[in-house]
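Notes for the structure review
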There are 2 protein chains.
Amino acid sequence: MKKVATADRVLSILRLFSTERPEWQVEDLGAELQLSASTAYEYVGSLVGAGLLVAGRTGHYTIGPAAIELDLIARRVDPLTRNAREILRKLVEESGAGTIGLLCRLYQLQVMCVDEYSIDPPPIETSYERGRPMPLIRGSASKAILVNLPARTLRRFFDLEREAVAAMGLGRDWESFKAETRRLRRSAPLVSIGELDAGALGVSAPVFGENDLILGSIGLVLSAEAVREDSARIESLRTLVGAAGQAVTRALLAP
Amino acid sequence: MKKVATADRVLSILRLFSTERPEWQVEDLGAELQLSASTAYEYVGSLVGAGLLVAGRTGHYTIGPAAIELDLIARRVDPLTRNAREILRKLVEESGAGTIGLLCRLYQLQVMCVDEYSIDPPPIETSYERGRPMPLIRGSASKAILVNLPARTLRRFFDLEREAVAAMGLGRDWESFKAETRRLRRSAPLVSIGELDAGALGVSAPVFGENDLILGSIGLVLSAEAVREDSARIESLRTLVGAAGQAVTRALLAP
DNA sequence: GCAAAATTCCGAAATAATAGGAATTTTGTA
DNA sequence: TACAAAATTCCTATTATTTCGGAATTTTGC
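Given the structure is predicted, the values throughout are model-derived calculations rather than measurements. (Residues numbered from 1 in each chain as written. Chains lettered and ligands numbered in written order. Predicted model: local features only at pLDDT ≥ 70, side-chain atom pairs only at ≥ 80, totals over all residues. Heavy atoms only, no water.)

All names here are of chain A. Reading across from one edge, 6-5-4-9-8-7 is the order of the six strands in this open sheet, with antiparallel pairing throughout. Edge positions in the open sheet fall to strand 6 (133-134) and strand 7 (190-193), since each of these has one partner strand only. Across the face of the sheet, helix 10 (residues 231-253) comes into contact with strand 4 (99-107), strand 7, strand 8 (200-208) and strand 9 (214-223) while running at roughly 25° to strand 8. (Pairing = 2+ DSSP bridges. Helix = DSSP H or I, 4+ residues; strand = E, 2+ residues; numbered from the N terminus. Contact = heavy atoms within 4.5 Å. Axes fitted to C-alpha atoms, helices over the stretch in contact; angles between N-to-C directions.)

Written as structure tokens, this is what we have:
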């Protein structure tokens, strides 16, 4: 997709804002992107005008209200988020103690958590968090999506991520990758252990939209320790998660 | 603040996305902004490249993952949101049934709700919602901020919004507006009824940051009907809200 | 009210944006 | 799988905009 070079440079400023460094001075932005001071001010000016940046203390810029507003639009509009909210809550309630419920969405070839809910969070670190992009290849929430991609898309992913696929043991060539995804697709809901966070166990089921296109996944994260050798608990969670996935898919098809 | 014209035009595309119309085709965007098809594609291309837009069904663009990601950065970083979260929860718990807790923030001369929490929402419509920009002049959550603006800022606001100020009965000239804000400042926490939503009653207290600069407000919304003539309940809510405001201010000053 | 910091202003050379129509790719459907 | 329709990219000359350094100005913190 062809782009506008100037706009790209301006937008590249946004990418510098991160959790690690959420506040910048104009001079530093300019230095980072090799722009003169006056140009840096012009760029920042455009982003401030759009509300994407805002000056907190003078001279110190942070993410502005337009980002929060856009997020609201995204939340209000996304049929996945809307239809899954209540189902996610119920899933967590019925799953017993120590679980986090996650709703994830496919964006291009990435996965992003778009909703999370927990009553009694487990004592483990979890990477998934609303708004954090995740790789499509690791963790049950991602793999539940991956293995349900349409063949064309799956092929594109394979060509791009050949090494990562091999490293995860999902096949060294297209044929074996295809076979492996078929196998995983059939064994849904998927269970993964420690793929993203040591000590975490994930259980996830796919969610489909119109035309059976994969939209995202719904699932639970809990401490692997807590269900060690308790295969009955895991099975009951798989049942719950699978039902939740189907419920969301059904809700999406209904008016 | 000087801006970059091209970037501005590109960013103006974002403003077309709203709750009412969250999905656009490139052609329609071009028509709306009077751009040729190829230019519209270039603009959209830049925004897609930045992740701010994304194609759902091909040809249909919506807000993209970067917006959600920026929101996460904003949430994680904003000291107001971080420090107030738990206090807001407690406030709602202690306030009894039928309340919504709101945390609002000053952005330029606007107010935006940045967090909300409710256990048992009242049966009324409320305008305040996380991510929705609100005028600085109406509603207790906004006025709690307004009346605590530094004199210079308040003056700038008055010059800009002279008619709105008069319409809200806050004074027809600068002197009387100043006097009125002083009076309201002293009577915190503020109570307002039906200023934004018919039948809604708001109670809000200001929150200050470094150097006693006003940062935002914390408060409750409930059904005016529910507290009709129950001035004791209102007084007890004012006490709770006032304490919450002070607690957040204190939390912000602590390391 | 003052010094320091932040921001705006300037204009000319260098660079990039734009339209519009044709060419191509992608998609939905038979 | 193949087809038609839709979406997207490609093209290039003309036109308009961006960019820079440094000086001028405004705003801020004390």
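What follows continues from the structure just given.
Residue and element names in this part refer to chain A. For helix 9 (residues 174-186), which comprises 13 residues, the first-to-last C-alpha distance of 18 Å matches the rise-based estimate of 18 Å (1.5 Å per residue) to within 8%. Here helix 9 has its buried residues at Trp174, Phe177, Glu180, Thr181 and Leu184. One face of helix 9 carries all of its buried residues, which in axial projection span an arc of 125°. In helix 9, the exposed residues that point more than 90 degrees away from the buried face are Glu175 and Arg186. On its buried face, helix 9 is in contact with helix 6 (140-146), helix 7 (151-160), helix 8 (162-167) and strand 7. By the N-cap criterion, in which a side-chain oxygen at the helix start approaches the backbone nitrogen of a residue two or three places on, helix 9 is capped by Asp173, the distance to Glu175 being 3.2 Å. (Expected span 1.5 Å × (residues − 1). Buried < 20%, exposed > 50% of the residue type's maximum accessible area, 1.4 Å probe, protein only. Arc of directions from axis to C-beta. Polar contact = N/O pair within 3.5 Å; in protein donor to acceptor, adjacent residues only side chain to side chain.)

The next thing to look at is helix 7 (residues 151-160) of chain B. Residues and elements named next belong to chain B. Among the residues of helix 7, those classed as buried are Thr153, Leu154, Phe157 and Phe158. Projected down its long axis, helix 7 carries its buried residues within an arc of 140°, all on one side. Away from its buried face by more than 90 degrees, helix 7 exposes Ala151, Arg152 and Leu160. Residues of helix 7 that are buried make contact with helix 6 (140-146), helix 8 (162-167) and helix 9 (174-186).

Moving on, we come to the relation of the copies chain B and chain A. Mapping chain B onto chain A calls for a rotation angle of 179° and an axial translation of 0.0 Å; the resulting RMSD is 0.1 Å. What the superposition gives is, in effect, a two-fold axis relating one chain to the other. When C-alpha distances to the rotation axis are compared across chain B, the minimum falls at B:Ala7, with a value of 2.1 Å. Most of the interface of chain B is mirrored in chain A, where 100% of its interface residues are also at the interface. (Least-squares fit on C-alpha atoms with pLDDT ≥ 70 in both.)

Take the protein's contact with DNA strand D next. Every one of the 18 residues lining DNA strand D counts as a neighbour, but A:Arg9, A:Thr39, A:Tyr43, B:Ala5 and B:Thr6 are closest to it. Counted by atom, the contact set of DNA strand D within 4 Å of the protein is 76% sugar and phosphate. Within the side chain of A:Ser36, a nitrogen or oxygen atom sits 2.9 Å from a phosphate oxygen of DNA strand D. Within the backbone of B:Thr6, an N or O atom sits 2.5 Å from a phosphate oxygen of DNA strand D. Elements with a contribution of two residues or more to the surface near DNA strand D: helix 3 (37-49) of chain A together with helix 1 (5-15) and helix 3 (37-49) of chain B. If one sorts the elements of the surface near DNA strand D by residue count, helix 3 of chain A sits on top with four residues. Its residues placed into classes, the surface near DNA strand D shows seven nonpolar, eight polar and three charged. (Near = heavy atom within 4 Å. Nonpolar A, V, L, I, M, F, W, Y, C, P; charged D, E, K, R; others polar.)

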